[in-house]
Amino acid sequence: MTEKFDIVPLNEWGMFSLPPRPCVIAGPCSAESEDQIMQTAAGLKEFGINVFRAGIWKPRTHPGCFEGIGVPGLKWLQRVKKEYGMKVATEVASEKHVFECIKHGVDLVWLGARTSANPFLVQEIADALADTDIPVLVKNPVNPDLDLWIGALERLHRAGIRKLGVIHRGFSTSEKIKYRNDPLWQYVIELRSRFPQIPVFCDPSHLAGSRAYLQELSQRAMDLGLEGLMVESHCDPACALSDSKQQLTPADLKDLLENKLIVRDADTSDSAYRETINQLRAKIDVVDDNLIHLLAQRMEISRKIGQSKRENNIAILQTSRWDQVLAEMIEKGREHGLDEDFIKVVFNAIHEASVKAQE
Ligand code: PEP
Ligand code: MN
């Protein structure tokens, strides 16, 4: 049984203003030096970014990589607040991190994907944040498990946190895909439809893993009606100590947000209709993407079956097996309100292509 969430709207967090979408959090993957922080923040402030992110403690795959600058970086964030009037945000993964953030006046914290997959850590962080008013964003866990993500939100909510939101950063996969992490947008759509009051940020940087895909992923997030974007930006991405390939200069981020991203927001009843249609179309696009993916997977398996039949000298077409599959699909379709003729057309077409692929 999941519980009801009582959430403070994003506009009342004291750092975002909606509309227009997207609310943006931007800044480097990691705080590396005082110069890098101040230079990046200056570039972002110049075009109106008000919430600055920087990783202080970095969860790296291998030991010995740059694991974050630690507490000294929090002093640089204090300078960003003081000199540019920006709000500052960082990732917390333990009680100790939370206490340091409170001590140094960090305005927003987020739980990283590896942390939100760990209920012990989430509970420890929730307890440490219990008496504060700090907004908290929860990244999806690395593995595609909606309940684990919701469970993390429940722990924070039970600790009294009401300025609560999520960040979609995609899911680990062993499949070869063009992005660093699999978007699996259907998880966000499901979360949104169950808890429409929870603000959703998209992190196109960790989804993409490469600058080349930031625009299409940010666009998809806007088309799905998500409220915000968290984007990694570095004054000199080529020299970044972490996530170098996915970071944008502040100037390139400005170009993406101001010239490339198309954001349709509802204002009149007529555009409310268009907004609804656009969001529904974006959902259809996600389903279509998934269909293609599943068809390709099916075809791949089918080719393997073909190879095995060849090796064992067995005929390609096994009509009794296919009649049985089709009958099952018609029955399952009926349970979901799908017309029998429609199922026959679709599955016969799939079958025909499969037989061809086995020849
Ligand atoms: C980050 O935001 O820099 C980060 C480490 O992200 P994630 O937890 O999504 O991997
Ligand atoms: Mn990063």
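Keep in mind that what you see is a predicted model, and the values were worked out from it rather than measured.

1. Some thoughts on the sheet that holds strand β5 (residues 136–139)
At step 1: Around the barrel, which closes on itself, the 8 strands sit in the order β1-β2-β3-β4-β5-β6-β7-β8 with parallel pairing between neighbours. On average, adjacent strands in this sheet sit at an angle of 30° to one another, irrespective of strand direction.
At step 2: Looking at chain direction, strand β4 (residues 108–111) and β5 are connected through 3 bridges and run parallel. Of the residues in β5, the one forming a bridge with Leu 111 is Val 138.
At step 3: Across the sheet, helix α1 (residues 34–45) touches β1 (23–27) and β2 (51–53), and the angle it forms with β2 is around 145°.
At step 4: Packing of helix α6 (residues 146–158) onto the sheet brings it into contact with β4, β5 and β6 (164–168), and relative to β6 it is tilted by some 155°.

2. Some points on the nonpolar core
At step 1: With 73 residues, the main nonpolar core has Phe 52, Leu 129, Val 136, Leu 156, Trp 185 and Leu 257 as its most contacted residues.
At step 2: The biggest single contributor to this core is α6, with 6 residues.
At step 3: With 14 residues, the next largest nonpolar core counts Leu 10, Trp 13, Ile 25 and Leu 137 among its residues.

3. Some words on the packing of aromatic side chains
At step 1: Scanning the entire structure with this criterion turns up 5 aromatic pairs.
At step 2: Relative to Tyr 213, the ring of Tyr 179 lies with its centre 5.3 Å away and its plane at 85°, an arrangement referred to as edge-to-face. Linking Tyr 179 in the loop between β6 and α7 (185–194) with Tyr 213 in the loop between α8 (204–208) and α9 (214–223), this pair joins segments that are 34 residues apart in sequence.
At step 3: Looking at Tyr 179, the relative accessible area reads 17%, which means it is buried.
At step 4: Since its relative accessible area comes to 22%, Tyr 213 is described here as partly exposed.
At step 5: Here the aromatic residues Trp 13, Phe 16 and Phe 201 are joined through ring pairs into a cluster of three or more.

4. A few points about the coordination of the manganese ion (ligand 2)
At step 1: Here the manganese ion (ligand 2) is held by Cys 29 (SG), His 206 (NE2), Glu 232 (OE) and Asp 243 (OD), and the distances to it run 2.0 to 2.4 Å.
At step 2: For the manganese ion (ligand 2), the single-chain donor residues occur in sequence as C-x176-H-x25-E-x10-D. Here the residue Glu 232 occupies a position in strand β8 (residues 228–232), and Asp 243 occupies one in the loop between β8 and α10 (250–260), the gap between them amounting to 11 residues.

5. Comments concerning unusual backbone geometry
At step 1: Cis geometry is adopted by the peptide bond preceding Pro 19, which originates at Leu 18 and carries an omega value of -5°.
At step 2: Mapped onto the elements, Pro 19 comes out in the segment before β1.
At step 3: Of the consecutive residues Arg 21 and Pro 22, the connecting peptide bond is found in the cis state with omega at -10°.
At step 4: With respect to the helices and strands, the residue Pro 22 is situated in the segment before β1.
At step 5: Of note in this structure, Asn 313 is not a glycine but carries a positive phi near 60°.

6. Here's the deal with the packing of α1 against helix α2 (residues 71–84)
At step 1: It is at 10 Å that the axes of α1 and α2 come closest, and there the two elements cross at 35°. In the crossing of α1 with α2, the sense of the turn from one axis to the other is right-handed. Of the residues in α2, those touching α1 at Glu 34, Ile 37, Met 38, Ala 41, Ala 42 and Lys 45 are Trp 76, Arg 79, Val 80, Glu 83 and Tyr 84.

7. Quick notes on the site of ligand 1
At step 1: Near ligand 1, the surroundings consist of Cys 29, Arg 53, Lys 58, Glu 91, Trp 110, Gly 112, Ala 113, Arg 114, Lys 139, Arg 169, His 206 and Glu 232.
At step 2: Within the side chain of Arg 114, a nitrogen or oxygen atom sits 2.9 Å from an oxygen atom of ligand 1.
At step 3: For ligand 1, an oxygen atom lies 2.8 Å from a polar atom in the side chain of Lys 139.
At step 4: Protein chains bury 97% of the 290 Å² of accessible surface belonging to ligand 1 in isolation.

8. Here's the deal with the environment of Leu 148
At step 1: Here Leu 148 shows up in helix α6.
At step 2: Along the sequence, Leu 148 and Leu 74 sit 74 residues apart, while their C-alpha atoms lie 30 Å from each other.
At step 3: Apart from the residues lying within four places of it in its own chain, the contact partners of Leu 148 are Ser 116, Ala 117, Pro 119, Pro 141 and Asn 143.

9. Describing α1
Within an α-helix, residues lying three or four positions from one another point in the same direction, as the helix has 3.6 residues per turn.
At step 1: If you check α1, its first and last C-alpha atoms are 16 Å apart, about what 12 residues at 1.5 Å a residue would give, namely 16 Å.
At step 2: All of the buried residues in α1 are Gln 36, Ile 37, Met 38, Thr 40, Ala 41 and Leu 44.
At step 3: Turning to α1, the residues buried within the fold contact β1, β2, α2 and α10.

10. Regarding a nonpolar patch on the surface
At step 1: On the surface, a nonpolar cluster with roughly 250 Å² of combined accessible area is contributed by Leu 338, Phe 342 and Val 346.
At step 2: Its relative accessible area of 46% is what places Phe 342 among the partly exposed residues.

11. A look at the pattern of salt bridges
Opposite charge on two side chains permits pairing when their charged atoms draw close.
At step 1: A complete count under the given rule lists 20 salt bridges for this structure.
At step 2: Put simply, Lys 139 and Asp 203 hold a salt bridge, and the shortest N to O gap is 2.7 Å. Of this pair, Lys 139 sits in strand β5 while Asp 203 sits in the loop between β7 (200–202) and α8, and the two are 64 residues apart along the sequence.
At step 3: Its relative accessible area of 0% is what places Asp 203 among the buried residues.
At step 4: Residue Glu 331 pairs with Arg 334 through a salt bridge whose shortest N-O separation is 2.8 Å.

Quick notes on the rules
Residues numbered from 1 in each chain as written. Chains lettered and ligands numbered in written order. Predicted model: local features only at pLDDT ≥ 70, side-chain atom pairs only at ≥ 80, totals over all residues. Heavy atoms only, no water. Pairing = 2+ DSSP bridges. Helix = DSSP H or I, 4+ residues; strand = E, 2+ residues; numbered from the N terminus. Axes fitted to C-alpha atoms, helices over the stretch in contact; angles between N-to-C directions. Contact = heavy atoms within 4.5 Å. Core = buried A, V, L, I, M, F, W, Y, C linked by side-chain atoms within 4.5 Å. Buried < 20%, exposed > 50% of the residue type's maximum accessible area, 1.4 Å probe, protein only. Phe/Tyr/Trp six-rings, centres within 6.5 Å; stacked < 30°, edge-to-face > 60°. Donors = N, O, S within 2.8 Å, 3.2 Å for Na, K, Ca; no water. Left-handed = near helix turned anticlockwise from the far one by under 90°. Near = heavy atom within 4 Å. Polar contact = N/O pair within 3.5 Å; in protein donor to acceptor, adjacent residues only side chain to side chain. Areas by Shrake-Rupley, 256 points an atom, 1.4 Å probe, with all protein chains shown as cover. Expected span 1.5 Å × (residues − 1). Patch = residues over 30% accessible without salt bridge, like charges linked within 9 Å, V, L, I, M, F, W, Y side chains within 5 Å. Salt bridge = Lys/Arg side-chain N within 4 Å of Asp/Glu carboxyl O.

Treat this as a map of the structure, not an account of what it does.
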